[in-house]
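# Survey of secondary and tertiary structure
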Amino acid sequence: MFQGASSLSLDAKGRLSMPTRHRDVLAATAANQLTITKHPHGCLMIFPRPEWEKFRERIAALPMAAQWWKRIFLGNAMDVELDSTGRVLISPELRAAAGIEKDTMLLGMGGFFELWDKATYEAKEAEAMAAEMPDVFKEFSF
C-alpha cells in the first residue's frame, strides 16, 4: 500500500529516482517492473506490474462505449523497469502528456502512484482546498 507525497526532480535524461521507502516493496511485489500510463486528470499513473495487470483486465472488459478510455489507459501504457539505482525512465511522450519537465510530485495512492508536474499539482490542490468539501466526507469528523 503506497501513500505519502514526495517532491522529486527528473534528471537530464527524464529519469525519476523512486523514493527509497518504496523500492523494497516494488522489488518484492513487482520485481521492479512498472507500467506507466496517462490519467485523465492530467498526471501519470505508475503501477507495480501486478497491480497494472488487474487494472488492465478491468479496463479491457469495458464495453465499446468506453473505447476512448481504453485508448487513453491501454494505448498509452509503457512497461518500464527500475534500474539498479532505483530510477525509472519516464518517456518523452508521457512527460509531454502530463506537462512534466523537471520538478514533480509523486503521490502514493494505495496500489499505484500518481506523478504530477509540481506546479500543476500545487495549483490543483490549492483549488480543491479552497472549494467546499464533498458530501462524501460529511461522515468523517475533522
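Conventions we followed
- Residues numbered from 1 in each chain as written.
- Predicted model: local features only at pLDDT ≥ 70, side-chain atom pairs only at ≥ 80, totals over all residues.
- Heavy atoms only, no water.
- UniProt positions renumbered as here; feature names shortened; annotations may be inferred.
- Helix = DSSP H or I, 4+ residues; strand = E, 2+ residues; numbered from the N terminus.
- Phe/Tyr/Trp six-rings, centres within 6.5 Å; stacked < 30°, edge-to-face > 60°.
- Buried < 20%, exposed > 50% of the residue type's maximum accessible area, 1.4 Å probe, protein only.
- Lys NZ or Arg CZ within 6 Å of the ring centre and 35° of its normal.
- Pairing = 2+ DSSP bridges.

### Describing the UniProt feature "domain: SpoVT-AbrB" (unreviewed entry) in the protein
The feature "domain: SpoVT-AbrB" (unreviewed entry), as given by UniProt, occupies residues 5–51 and 77–120 in the numbering adopted here. Secondary structure within residues 5–51 divides into 30% helix and 40% strand; the distance between the first and last C-alpha atoms comes to 20 Å. Between the first and last C-alpha atoms of residues 77–120 the distance is 22 Å; the span itself is 23% helix and 45% strand.

### So, the packing of aromatic side chains
Under the counting rule described, the total for this entry stands at nine aromatic pairs. Seen from their ring centres, Phe55 and Phe73 are 5.3 Å apart, and the 90° between their planes marks the pair as edge-to-face. Remark: Phe73 occurs in helix α3 (residues 67–73) and Phe55 occurs in helix α2 (residues 49–60); sequence separation between them is 18 residues. Across this residue pair, the class does not change: Phe55 and Phe73 are buried. Taken together, a centroid distance of 5.6 Å and an interplanar angle of 45° make the contact between Phe137 and Phe140 tilted. In this structure, Arg71 packs its charged tip against the face of Trp68, placed 4.5 Å from the ring centre.

### Digging into the pairing of strand β8 (residues 113–117)
Burial of β8 is extensive: five of the five residues sit out of reach of the surface. The alternating pattern of β8 places Phe113, Leu115 and Asp117 on one face and Glu114 and Trp116 on the opposite face, and all of these are buried. The pairing of strand β4 (residues 44–48) with β8 spans three bridges and is classified as antiparallel. Bridge pairing in β8 places Leu44 opposite Leu115. Where strand β7 (residues 103–110) lies against β8, five bridges are found, and the strand directions are antiparallel. Within β8, the residue paired with Met105 across the bridge is Trp116. Joining the antiparallel neighbours β7 and β8 is a turn of two residues.

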